Amino acid sequence: MKSRIKIFIFLMALSLIPHFITAQSSSQGYAGTGCSGFLSSGTIQQIAPWYCLQISSALSSYWMGWMPIALLAVFVSFSIASVLFGAGILLKNERIKNFGIGEYYEALASAIIVVLFLTVTGVLFGLVPGLIVSTNPYVTSLNYIMNTITALQTELYRLFDIVAVESFYIGINLQVCRPLGCSFIPEPFKYTLQYLFFIPAFTMIDLQLDVLALLYTEFWAIMAFMYIAIPVFLVPGVVLRSLIPTRSMGGMMIAIAIGFYVALPLLFSVAYYFTGGTTLSQANYNTAQLQQFGSGTGAITNALNPNSQLVQTLNNIQVSMDAYWLSVLFYPALIMALTYAIIMQIAEFIGGMSQLSSRLKI
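From a predicted model like this one, the values you see are computed outputs, not experimental measurements.

1. Observations regarding the nonpolar core
- Core analysis: the largest hydrophobic core is formed by 86 residues, its most contacted members being Tyr51, Trp63, Phe117, Leu159, Phe197, Leu215 and Leu234.
- Not counting chain neighbours up to four residues away, the residues in contact with Leu159 comprise Phe197, Ala201, Met204, Ile205, Leu290 and Leu314.

2. Topic: the environment of Tyr272
- Along the chain, Tyr272 falls in helix α9 (residues 247–293).
- It is 6.9 Å that separates the C-alpha atoms of Tyr272 and Ser141, two residues lying 131 residues apart in sequence.

3. Structural notes on the packing of aromatic side chains
- Under the counting rule described, the total for this entry stands at 5 aromatic pairs.
- The interplanar angle of 90° and the centroid separation of 5.3 Å between the aromatic rings of Phe219 and Trp220 together place this pair among those described as edge-to-face.
- On the accessibility criterion, Phe219 (11% relative accessible area) is buried.
- Of the residues examined, Trp220 reaches a relative accessible area of 51% and is grouped as exposed.

4. Focus: the side chain of Ser269
- By the secondary structure assignment, Ser269 is in helix α9.
- Given the relative accessible area of 3%, Ser269 is considered buried.
- For Ser269, the side chain forms a polar contact with the main-chain oxygen of Pro265, separated by 2.8 Å.

5. A word on the pattern of salt bridges
- Taken as a whole, this structure holds 4 salt bridges when the rule is applied.
- Residues Lys97 and Glu94 are paired through a salt bridge, measuring 3.3 Å at the closest nitrogen-oxygen approach. Of this pair, Lys97 and Glu94 both sit in helix α5 (residues 94–115), 3 residues apart, roughly one helical turn.
- With a closest N to O distance of 2.6 Å, Arg241 and Glu106 form a salt bridge. In this pair, Arg241 sits in helix α8 (residues 190–241) while Glu106 sits in helix α5, placing the two residues 135 residues apart along the sequence. As far as the burial class goes, Arg241 and Glu106 line up, both buried.

6. Digging into the confidence of the model for the protein
- Looking at the protein, the pLDDT average stands at 77 and 82% of residues meet or exceed 70.
- Ranking the elements of the protein by mean pLDDT puts helix α12 (residues 356–359) last with 42 and α8 first with 86.
- Note on residues 1–32: pLDDT is under 50 here. Beyond four places in sequence and across chains, it has 34 contacts.
- Note that residues 353–362 has pLDDT below 50 and, in this model, 19 contacts with residues that lie over four places away or in other chains.

About the thresholds
- Residues numbered from 1 in each chain as written.
- Predicted model: local features only at pLDDT ≥ 70, side-chain atom pairs only at ≥ 80, totals over all residues.
- Heavy atoms only, no water.
- Core = buried A, V, L, I, M, F, W, Y, C linked by side-chain atoms within 4.5 Å.
- Buried < 20%, exposed > 50% of the residue type's maximum accessible area, 1.4 Å probe, protein only.
- Contact = heavy atoms within 4.5 Å.
- Helix = DSSP H or I, 4+ residues; strand = E, 2+ residues; numbered from the N terminus.
- Phe/Tyr/Trp six-rings, centres within 6.5 Å; stacked < 30°, edge-to-face > 60°.
- Polar contact = N/O pair within 3.5 Å; in protein donor to acceptor, adjacent residues only side chain to side chain.
- Salt bridge = Lys/Arg side-chain N within 4 Å of Asp/Glu carboxyl O.
- pLDDT = per-residue confidence, 0-100.

What follows is the structure, given as C-alpha cells:
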C-alpha cells in the first residue's frame, strides 16, 4: 500500500512539471541568456561580450519561433512516459515499468534543456569559447585566415610580375639574316635565367594557387557553418531530442551544432594563433625582397646566378611552403578529425543516454 502511495505521489509530481515549464517560460520569457538575469551578475557579459552583442539576440529570435513546438514535444514526452509507466504497473511488467521510468528521466532532461535553453547556449556558445579565446572565435579564425590569404596573394602577385618579365626576356630570339640565310645570336643568360629562377618560380606560383584555394575553402566552410549551425541544427535538434523516435537524430543535430559552431572555429583560432604569425611574417618579408630586387631590370640581373638575391628569395619561399602546408593541410585535417570525434561523443551522450534495447533487455 505504501509503495502505491509513493508511486502516486511521484506521478502527481511529474504531472506538474509541464505546468512548471509553462509558468517558468512565461515568467522568464525565455530571456535567461546568461547575458542578463540567471547566471548573470554579468558573467557571460564580462567574459564573452561578443556573444551578447552578436549572437544572443539572433538566438532568442530563432528560439521564440520553436518554443511552442518544444513545449508540446516535452509534454508529449512526459505523456508517453506516463503511459509506459502505468502500463508496466498494470501489467506487472518490470521491463515496461523500467522503460517508463527511463523515459521520465529523458523527458525531465528535455524539459531542463527547453526551459534553460538560452542559458545553456550562453554557457556553451559564449562562456566556454570566451575562456579560451578572448574574442569571438569566428572573428579570430576568419581574421587569421583572411590575413594569411592577403599576405600570400600579395607575394604571389609580385612573384608573377617578375616571372612575366622573365618570360618576355626568355621568349626573345635574336637572329641575323643575310642573303644566304639567317643565324641565331647566342644568349648566354637565357638558359641560366630559365633554370635558376623561371621554372622554380612558376612551380611556386602553381603551388601557392593551391594553397590559396584551400584557404578560401576553409574560410567559406567556417562562414557557412556560422550561419547554419544554430537555426538548422541546434534549435530543431532540441525539439527532436524530446521525442522517442527522433531522440538519436536530435542528439546528433545538437552535437553537430556544438561541434561546428564551437569546436571548429575554436580549434582554427588556436591553430592559426600558433602558425599564422610565422606565415604572415615570412610572406611579408619575401614580398619585400621580391619588390626590392625584382623591380625593372632587376628581374633579370638579380636572377643570373645561384647566389643572386632573387634566387635566394625564391629559396626562402620554398622553405616557407612547409609552414603553408602545415597551416592549410595538416592542421585543418587534424581539426576536422577532432571535430568529428567531439560530435560523436556529444551525440552519444545527448542522444544515446538511454537506449530502447538496453531498457527492454531481460
